[in-house]
Amino acid sequence: MFNKRIKIKKLLTEQPSGQQVTVMGWVKSFRNNQFIALNDGSTNNNIQIVTELGKFDETTLKRITISAALMVSGTLIPSLGKGQQMEIKADEITILGDSDAEKYPLQPKKHSLEFLREIAHLRFRTSTFGAVFRIRHSLAFAIHQFFNERGFVYLHTPIITASDAEGAGEMFKVTTLPFDNTPRTPDGEINYKEDFFGRATNLTVSGQLEGELGATGLGDIYTFGPTFRAENSNTPRHLAEFWMIEPEMAFYDLEDNMNLAEEFIKYIIRYAMEHNAEDLTFLQQRLIEEEKLLPQDKRSEMGLLQKLEFVLNNAFERISYTEAIDILIQSPPYKKKKFQYEVKWGMDMQSEHERYLVEKHFKKPVIVTDYPADIKAFYMRQNDDGKTVAAMDILAPGIGEIVGGSQREERLEKLGTRMKAMNIPQEELSWYLDTRRFGTVPHAGFGLGFERMVLFVTGMSNIRDVIPFPRTPKNAAF
Ligand code: ATP
Ligand code: MN
């Protein structure tokens, strides 16, 4: 057996008493030809390896360069030096992989996040990305645990879909038709009958419609999978490929939906705080350093951990869209004409408006409900006022929209009227309407953008830095 290593995270919790251990990892630094800092990605903390003078030959020592991969066996002893509690006195060092220090792109100095994005294949070896991706993992795990504890079924909705009626965003086409000599119908349209699926298909923008089918039989379901939007929005908050969590619950109204969403967000934040304290502390420090370059008024008012703690300990503010518009119209930036986009009832709130509400006015997450029907999707439940729908968006400080959800329209007739008004062909969605034809129930659900959640928890500012290999307009490297 080759792998008899102990992970460094585990090792660092042991009592050093001369026990024999084996570790494997990458060299972070090698000082005085004597002290190796080794990291294996299980934690940002390194283990110090001490090579006694004269014990190892020159050629081995020369090969201990930055990012070389090593296997080290030795005894774990209390450290004599300051800065670490324990160290390994090496008996045996095997170079598993050499690394040419001159050519290695990650020199031991501070690199910009932009530069690290260009070498995303190596950025996992940095402390920042180590912390980010361990936290991302924890959040994903906590999400499954949260729903599992509550009896939800994890439903795998399709990635290739033929339903393009949802209108959540621009879609990527999935086809095997040739670009040259594309088969055409007699009237010159592309003949999708000759395509792989015999019809036009796309990558999914949301698993919601299929999720509803699951919920109206299984009760409570959630999806957690990739979604794709060919929107040309080059912002720090949009990806062309991102992961979304979409719970869908039978026998739920809008308030039940909000309660679940708030409990859910708090649960996964708490999980990360309990399981990733070190990484969060590291990222908090990183953020403080980063913000030193900014003018005082642009810096965060709270540290990262304090911000997360604050979210856990305070109820999210709940206001209607109409109230939100009133607040905006009363606001200093509106009066001083500082908003770029106009504010009036019926408009889709822009990021600047959302950020004013959460960051300046309420200073905490805000759930905005009951949006104008005209700016929301066809499946949202119509309110009695005839103008608004039972929608809810959750807005988070620094991020803007993190959750979009609604109570779904369960009344067949109302749904039909709405679809007609929006030119959505009912024949194509007859499977969806069947759930309203046979034993329809009040139900609700929401979508949480996973990367936006990771952004919020890690305090990172660009969505490209919280997904391993970001896909954005004009970029699909790796
Ligand atoms: P936005 O207005 O920010 O573009 P949206 O209204 O298009 O969001 P929804 O269609 O409601 O978003 O999608 C549900 C959730 O998915 C959003 O609340 C957000 O967290 C996330 N999301 C949406 N688009 C993207 C994207 N391009 N990249 C990453 N996450 C996204
Ligand atoms: Mn969008």
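Residues numbered from 1 in each chain as written. Chains lettered and ligands numbered in written order. Predicted model: local features only at pLDDT ≥ 70, side-chain atom pairs only at ≥ 80, totals over all residues. Heavy atoms only, no water.

Draft legend 1. Representation of the overall build of the protein chain in the model. When helices and strands are tallied, the protein chain shows 14 helices and 16 strands. Judged by the C-alpha coordinates and their principal axes, the protein chain covers about 85 × 60 × 45 Å. The 478 residues of the protein chain split such that 51% are buried. Considering only contacts within the protein chain whose residues lie at least 6 apart along the sequence, 68% involve residues at least 24 apart. If you sum the accessible surface of the protein chain, you get close to 23,900 Å²; carbon and sulfur atoms cover 52% of it. When the 58 basic and 65 acidic side-chain charges of the protein chain are each reduced to a single mean position, those positions are 6 Å apart. (Helix = DSSP H or I, 4+ residues; strand = E, 2+ residues; numbered from the N terminus. Buried < 20%, exposed > 50% of the residue type's maximum accessible area, 1.4 Å probe, protein only. Contact = heavy atoms within 4.5 Å. Areas by Shrake-Rupley, 256 points an atom, 1.4 Å probe, with all protein chains shown as cover. Lys, Arg positive; Asp, Glu negative; His and termini not counted. Charge placed at Lys NZ, Arg CZ, Asp CG, Glu CD.)

Draft legend 2. Structural view of helix 8 (residues 304-313). Residues of helix 8 that are buried include every one of Leu304, Lys307, Leu308, Val311 and Leu312, and no others. On an axial view of helix 8, the arc spanned by its buried residues comes to 140 degrees, and they lie on one face. On its buried side, helix 8 packs onto helix 6 (254-275), helix 7 (277-291) and helix 14 (450-458). (Arc of directions from axis to C-beta.)

Draft legend 3. A look at the site of ligand 1. Around ligand 1 there are 15 residues in total, and Glu231, His238, Glu401, Ile402 and Arg452 lie nearest to it. Glutamate 231 is positioned with one of its side-chain polar atoms (N or O) 2.8 Å from a nitrogen atom of ligand 1. Within the backbone of glycine 449, one N or O atom sits 3.2 Å away from an oxygen atom of ligand 1. Compared with its free state, where it exposes 580 Å², ligand 1 has 79% of that area covered by protein. (Near = heavy atom within 4 Å. Polar contact = N/O pair within 3.5 Å; in protein donor to acceptor, adjacent residues only side chain to side chain.)

Draft legend 4. Highlighting the packing of helix 9 (residues 321-330) against helix 11 (residues 351-362). At a minimum axis distance of 11 Å, the contact between helix 9 and helix 11 shows a crossing angle of 75 degrees. Considered as vectors, helix 9 and helix 11 are oriented roughly perpendicular to each other. Of helix 11, the residues touching helix 9 (which contributes Ala324, Ile327 and Leu328) are His353, Tyr356, Leu357, His361 and Phe362. Considered class by class, the residues forming the contact of helix 9 with helix 11 number six nonpolar, two polar and no charged. (Axes fitted to C-alpha atoms, helices over the stretch in contact; angles between N-to-C directions. Parallel < 35°, antiparallel > 145°, perpendicular 65-115°, else oblique. Nonpolar A, V, L, I, M, F, W, Y, C, P; charged D, E, K, R; others polar.)

Draft legend 5. Focus on the pattern of salt bridges. Scanning the model with the defined rule gives 26 salt bridges in all. Salt bridges linked by common partners bring Glu212, Glu248, Arg408 and Arg436 together as one network. (Salt bridge = Lys/Arg side-chain N within 4 Å of Asp/Glu carboxyl O.)

Draft legend 6. Broad picture of unusual backbone geometry. One non-glycine residue, asparagine 181, adopts positive backbone phi at about 55 degrees. Residue placement: asparagine 181 occurs in the loop between strand 8 (173-174) and strand 9 (201-203). Of note, lysine 363 is a non-glycine position whose phi angle comes to about 55 degrees, a positive value. Considering the arrangement of structural elements, one finds lysine 363 in the loop between helix 11 and strand 13 (366-372).

Don't take any of this as a statement about function, it's just geometry.
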